Amino acid sequence: MNPPITQLLTAAEGKTLEFKRDLSSPRNILKSLVAFANSAGGQLLIGITDGRKVVGVERPLDDEERLCNLIADSISPHLVPNVEIVTHEDKSVLVVETFPSSSRPHYLKNEGHEKGVYVRLGSSNRQASPELIAELRRSTSGVAFDEQPMPALSINDLDIDAAQRLFGPEHSLTEEALLTLRLLVREQGRLVPTKGAILLFGKNREQYFPDAWVQCGRFIGTDKARIFDHTEIHSHLPSCVGEIMDFLKKHAMRAADFSGVQRKDVWSIPLLILREAIVNALVHADYSHRGAPIRVAFFDDRIEIENPGILVPGMTVEAMKRGVSNLRNRVIARVFRELRLIEQWGSGVSRIFREAQEQGLPEPSIEEIGLHLRFTVYFAHPMSTERAVTGHPKETGDDAASGLESESRLESRLESRLESALAARVVLLLIEQPAGKAQLAQKLGQKTVSGTLHRQIKSLLEQQFIEMTLPEKPNSRLQQYRLTPQGQALVAEMKGN
């Protein structure tokens, strides 16, 4: 076996390794084998206690035959792992090696093909959701999720003008170019957009993929108990990279280095590493997954970037560090590469770890949390919220912390009352002075006025919490918005609570 059993015994249980004392709980063993086959493969050692003590199996030949019969009778499609009897310290250990299967999804027959599918998350086995089962099937057929056509839509559902602005005049997005990029495909004699095209440049992306947006937050301290600032980003996916970075810079500290010929900005957060991690999240997110957007959480000691979807079948964290690439979204990845947001396939993650080492930072971590992948970038030195956030009075000590907490409570109450985090932020910004949509977008960390911002302003107008400064000219470029007496009363009420 490779690696040898002595080396396996020094490793921790994880995505590709598990220990079992005996065959007394065959269902758990079978679940692990199914999960290994559906994920990245793995090795199961029988005859090892939880404390990694080698106790062996009493009847190795009989147990080997029993295990092989259990696998044949209980798992479908047919699974043939490599089973060996290995002697260690005069005790016999069953070593079962399962490889990533091309027949996935495998499932336990007595639980059925809908409920009996399991995948490996860390050192545990998790029942696969319908979306994950569909991805397991796609991974064996060679079809990427974002390459699938959307036959009910047409090219008119794509914001081609926005895409052309990103590509620039040197890359004309002709019909042929759109076909080459797989933004369009031929379906029953007509051109229709792919899922990747709608995710990248769809005019109404969230109508079809409601969780395809980004939530950013700056938290006070090292947990999510108190939030200082947050924003929602609903721009086209390539534009999200810059907008997320703008939000992070807004809450970072910047110094100047004059040691060279020209001034050089020095940031308190590792921008190159964070940019790579953000691009990785946008490209590899599982947009078929429902329930949560991509999230970027800025704490005093780290930044967490979390995207829906676990590692693609056959992939491990160790393989990612080595530069192995297995794309979940080929259309999105191809467009990001054409826009030079990606330099070389598979190089991003390995570059992150190399940069962290060269900068003397703690090693980043990659974890599968539930059905999400979390990438954590740690700082060399923690930074407090009151020093990091710009645009606020330079208070110190308890006064600053109290002020931040008070503002956070007010925002939380407004969000609950208005049922929108974005609407709450708009109201908070208009407390200070009237502002137009473009000004609000800039203060919210957006480069352009998003459709969501338009909708929230319209909702606040309808609820009479805000009003136009030029009501007789609703479309004027000089139009601004301000709180109404009703809006001011709402703020006062929330403060009073």
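Keep in mind that what you see is a predicted model, and the values were worked out from it rather than measured. (Residues numbered from 1 in each chain as written. Predicted model: local features only at pLDDT ≥ 70, side-chain atom pairs only at ≥ 80, totals over all residues. Heavy atoms only, no water.)

A few words on the nonpolar core. Membership of the largest hydrophobic core comes to 70 residues, with the highest contact counts inside it found for Leu 248, Leu 282, Tyr 287 and Phe 336. When residues of this core are sorted by domain, at least three fall in each of domain 2 (145-207) and domain 3 (214-257 + 268-378). In terms of nonpolar packing, the next biggest core, distinct from the first, is built from 25 residues, Leu 410, Leu 430, Tyr 481 and Leu 483 among them. (Core = buried A, V, L, I, M, F, W, Y, C linked by side-chain atoms within 4.5 Å. Buried < 20%, exposed > 50% of the residue type's maximum accessible area, 1.4 Å probe, protein only. Domains from an automatic or database assignment.)

With that out of the way, let us pick up the UniProt feature "domain: Filamentation induced by cAMP protein Fic-like C-terminal" (unreviewed entry) in the chain. UniProt tags residues 428-484 as "domain: Filamentation induced by cAMP protein Fic-like C-terminal" (unreviewed entry). When the span residues 428-484 is considered, its composition is 42% helix and 11% strand, and the gap between its end C-alpha atoms is 13 Å. (UniProt positions renumbered as here; feature names shortened; annotations may be inferred. Helix = DSSP H or I, 4+ residues; strand = E, 2+ residues; numbered from the N terminus.)

Glancing now at the pairing of strand 9 (residues 184-187). Pairing of strand 9 with strand 10 (residues 190-193) involves four bridges; the strand directions are antiparallel. Note on strand 10: the bridge partner recorded for Glu 187 is Arg 190. From the end of strand 9 to the start of strand 10, which pair antiparallel, there are two residues, and Gln 188 there has a positive phi angle of about 55°. (Pairing = 2+ DSSP bridges.)

Our next topic: the domain arrangement of the chain. Once the domains are mapped, the chain shows domain 1 (5-128), domain 2 (145-207), domain 3 (214-257 + 268-378) and domain 4 (407-496). The C-alpha-based centres of domain 1 and domain 4 are spaced at 57 Å.

A word on the side chain of His 372. Mapped onto the fold, His 372 is located in strand 18 (residues 372-378). Once you skip the residues sitting within four places of it in the chain, His 372 turns out to touch His 289, Ala 292, Glu 306, Asn 307, Pro 308, Gly 309, Ile 310 and Glu 367. (Contact = heavy atoms within 4.5 Å.)

Further remarks concern the sheet that holds strand 18. The six strands lie next to each other as 12-11-15-16-18-17, forming an open sheet whose pairing is mixed. Each end of this open sheet is capped by a strand with a single partner; those strands are strand 12 (227-233) and strand 17 (365-369). Each neighbouring strand pair of the sheet contributes to a mean axis angle of 15°, computed without reference to strand direction. Judged from the four bridges that link them, strand 15 (residues 294-298) and strand 16 (residues 302-308) form a sheet pairing that is antiparallel. (Axes fitted to C-alpha atoms, helices over the stretch in contact; angles between N-to-C directions.)

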